[in-house]
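Fold and contact review
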Amino acid sequence: EAVVRLQAVTKRYRNGVLALGPFDLTVKRGEFVALVGPSGCGKSTALRLVAGLAEPSSGTVRIASRRARSGSGHAIGVVFQEPTLMPWASVRGNVGLPLKLSHVPRAEIEPRVMAVLAQVGLRDFAGAMPRELSGGMKMRAALARALVTDPDILLLDEPFAALDEITRFRLNNDLLMLWRELGKTVIFVTHSVYESVYLAQRVLVMTPRPGKIADEFGINAAEP
Ligand code: ADP
Ligand code: ADP
C-alpha cells in the first residue's frame, strides 16, 4: 500500500532555480526509505513537498494517510537539522505543544508527553530547558515532538548532520529501534551514503540539481 506517491514532480523556485525533477517517488506503508545525494540536489525540496510545506510547480503529490482522511491532521511529523525548540519552554512544554495546539485535553497531554519522552530516552529531562541539553538531547526532544501526535509518516531532513560521530551513531541506532517498535513510514534525507545504507531498507540516490532519482537499491540487512 503506497502511503506517499509523487509523480512527475518538478519544483522551480521563484528565483528561477529548477531544484527538482521530474521526480517520482512511491513509499509503502511502514517502509524506511533514505534519499541520498549531493548538497543542493533537491533533497530538502522533495521532503518539503511531501510535508506539504511547498507546492510542486508541476506533477502530483499524494499522501494516503488514515489521519489525513479523517481530517484530524498530523499525518506527518517532521524533524529538521535545526531542532528549533522554543527556548522559553521546558522539554515537556516543547514536546506537548503540538497536542496543545490541536486542543487535546490537558489531562491527556502529560501522559502522552511522558510516554514519548521515554521512547526517545529523555524520561529524566522533562523539566529541563533546551539550553541545558546537549545537541543529541535537543534532537531527541525534536524527535519526541514530531512523534507525540502519533503521525503515520515521519520525515527527517539531515537530522543528525550537526552531531558528533558517536552521538550520531547512537541516534541512528535509537531511530532504528523506534522504527521497528512503532512501525511508522520513514523518509530520511542525508548526504551520507554510509548513513543511508546503515538505516534504510531502500536507498534512493539522487542526481545533482535538478534532483532526480538516478539509482535505487534495497538493503536486506535492515529488515526488521
Ligand atoms: P517559494 O517559491 O516556494 O514560495 P521563495 O522563493 O518565496 O519560495 O522562498 C521561500 C524561502 O526560502 C524564503 O524565506 C527565502 O529566503 C528562502 N530561500 C531563498 N533562496 C534560497 C536558497 N537558495 N536556498 C535556501 N533557501 C532559500
Ligand atoms: P538539498 O536538500 O539536497 O541540499 P535543496 O532542496 O535545499 O537541496 O535545494 C535544491 C536547490 O534549490 C539548491 O540550488 C537551493 O539553493 C535551491 N533552493 C532551495 N530552497 C530554495 C528557495 N526557497 N528559493 C530558491 N531556491 C531554493
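Throughout what follows, the structure given in this document is the object of discussion. These numbers come from a predicted model, not from an experiment. (Residues numbered from 1 in each chain as written. Chains lettered and ligands numbered in written order. Predicted model: local features only at pLDDT ≥ 70, side-chain atom pairs only at ≥ 80, totals over all residues. Heavy atoms only, no water.)

**Side note on the overall build of the protein**
Along the protein, the regular secondary structure elements total seven helices and nine strands. The C-alpha atoms of the protein give a radius of gyration of 17 Å, which matches the 17 Å a tight globule of 224 residues would have. By its C-alpha atoms, the protein is 45 × 40 × 35 Å across when sized along the principal axes. Across the 224 residues that make up the protein, the buried fraction comes to 48%. Intrachain contacts of the protein at a sequence separation of at least 6 include 69% that bridge at least 24 residues. Carbon together with sulfur atoms contributes 53% to the accessible area of the protein, which is approximately 11,000 Å² in total. (Helix = DSSP H or I, 4+ residues; strand = E, 2+ residues; numbered from the N terminus. Rg over C-alpha atoms; globule rule 2.2 N^0.38 Å. Buried < 20%, exposed > 50% of the residue type's maximum accessible area, 1.4 Å probe, protein only. Contact = heavy atoms within 4.5 Å. Areas by Shrake-Rupley, 256 points an atom, 1.4 Å probe, with all protein chains shown as cover.)

**Notes on the site of ligand 2**
Around ligand 2, the surrounding shell holds 14 residues, and the nearest of these are Gly40, Gly42, Lys43, Ser44 and Thr45. A distance of 3.4 Å separates a nitrogen atom of ligand 2 from a polar atom in the side chain of arginine 48. At a separation of 3.0 Å, an oxygen atom of ligand 2 approaches a polar side-chain atom of arginine 209. Contact with the protein chains covers 67% of the free accessible surface of ligand 2, which is 560 Å². Considering each element in turn, the shell around ligand 2 owes the most residues, four residues, to helix H1 (residues 43-51). Here the residues of the shell around ligand 2 are counted per class, giving five nonpolar, six polar and three charged. (Near = heavy atom within 4 Å. Polar contact = N/O pair within 3.5 Å; in protein donor to acceptor, adjacent residues only side chain to side chain. Nonpolar A, V, L, I, M, F, W, Y, C, P; charged D, E, K, R; others polar.)

**Section: the site of ligand 1**
The immediate surroundings of ligand 1 are formed by Lys11, Tyr13 and Arg14. In the environment of ligand 1, an oxygen atom lies 3.4 Å from a nitrogen or oxygen atom belonging to the side chain of lysine 11. Summarising the interface, the protein chains cover 29% of the accessible area of ligand 1, which totals 560 Å² for the free molecule.

**So, the packing of aromatic side chains**
For the structure on display, the rule yields four aromatic pairs. A ring pair is formed by phenylalanine 32 and tryptophan 179, whose centres lie 5.5 Å apart and whose planes are at 85 degrees; its orientation type is edge-to-face. With a gap of 147 residues between them, phenylalanine 32 in strand E3 (residues 32-36) and tryptophan 179 in helix H6 (residues 165-182) connect regions that are remote in the sequence. A residue is classified by how much of its surface remains accessible, and phenylalanine 32, at 0% relative accessible area, is buried. Seen in terms of ring centroids, phenylalanine 32 and phenylalanine 188 are 6.3 Å apart; in terms of plane orientation they differ by 35 degrees. Their pairing is tilted. Taken together, the residues phenylalanine 32 in strand E3 and phenylalanine 188 in strand E7 (residues 185-190) connect sequence positions 156 residues apart. (Phe/Tyr/Trp six-rings, centres within 6.5 Å; stacked < 30°, edge-to-face > 60°.)

**Focus: the packing of helix H3 (residues 91-101) against helix H4 (residues 106-119)**
Relative to each other, H3 and H4 sit at 120 degrees, their axes nearing to 9 Å. The orientation of H3 relative to H4 falls into the category oblique. Pair H3 / H4 crosses with right-handed handedness. Taking contact as the criterion, the partners of Val91, Arg92, Val95, Gly96, Leu99 and Lys100 in H3 are, on H4, Ile109, Glu110, Arg112, Val113, Val116 and Leu117. Each residue belonging to the contact of H3 with H4 can be placed in one class, and the counts come to seven nonpolar, one polar and four charged. (Axes fitted to C-alpha atoms, helices over the stretch in contact; angles between N-to-C directions. Parallel < 35°, antiparallel > 145°, perpendicular 65-115°, else oblique. Left-handed = near helix turned anticlockwise from the far one by under 90°.)

**Concerning the sheet that holds strand E8 (residues 202-206)**
As summarised here, the arrangement of the six strands in space is E5-E6-E7-E3-E8-E9, forming an open sheet in which the pairing is mixed. Sheet topology places strand E5 (76-79) and strand E9 (213-218) at the edges, where each strand pairs with a single neighbour. Sheet twist, expressed as the mean angle between neighbouring strand axes with direction ignored, is 15 degrees. Summarising the sheet, E5 and strand E6 (residues 153-157) pair through four bridges and their orientation is parallel. The partner of isoleucine 76 across the bridge, within E6, is isoleucine 153. In the packing of H1 onto the sheet, contacts are made with E3, E5, E6, E7 and E8, and the angle to E6 comes to roughly 155 degrees. Where helix H5 (residues 135-147) meets the sheet, its contacts fall on E5 and E6, and the angle it forms with E5 comes to roughly 165 degrees. (Pairing = 2+ DSSP bridges.)

**Let's talk about a nonpolar patch on the surface**
Taken together, Val193, Val197 and Phe217 make up a surface patch of nonpolar side chains, about 220 Å² in accessible area. Examined against the element boundaries, valine 197 turns out to sit in helix H7 (residues 193-199). Valine 197 sits in the partly exposed class, given a relative accessible area of 32%. (Patch = residues over 30% accessible without salt bridge, like charges linked within 9 Å, V, L, I, M, F, W, Y side chains within 5 Å. Salt bridge = Lys/Arg side-chain N within 4 Å of Asp/Glu carboxyl O.)

**What to know about the packing of H5 against H6**
H6 packs onto H5 with a crossing angle of 20 degrees between their chain directions and a minimal axis gap of 11 Å. The orientation of H5 with respect to H6, classified from their angle, is roughly parallel. Relative to H6, H5 is oriented so that their crossing is right-handed. Contacts between H5 and H6 involve Gly136, Met139, Arg140, Leu143 and Leu147 from the first element and Thr167, Arg170, Leu171, Asp174, Leu178 and Leu182 from the second.

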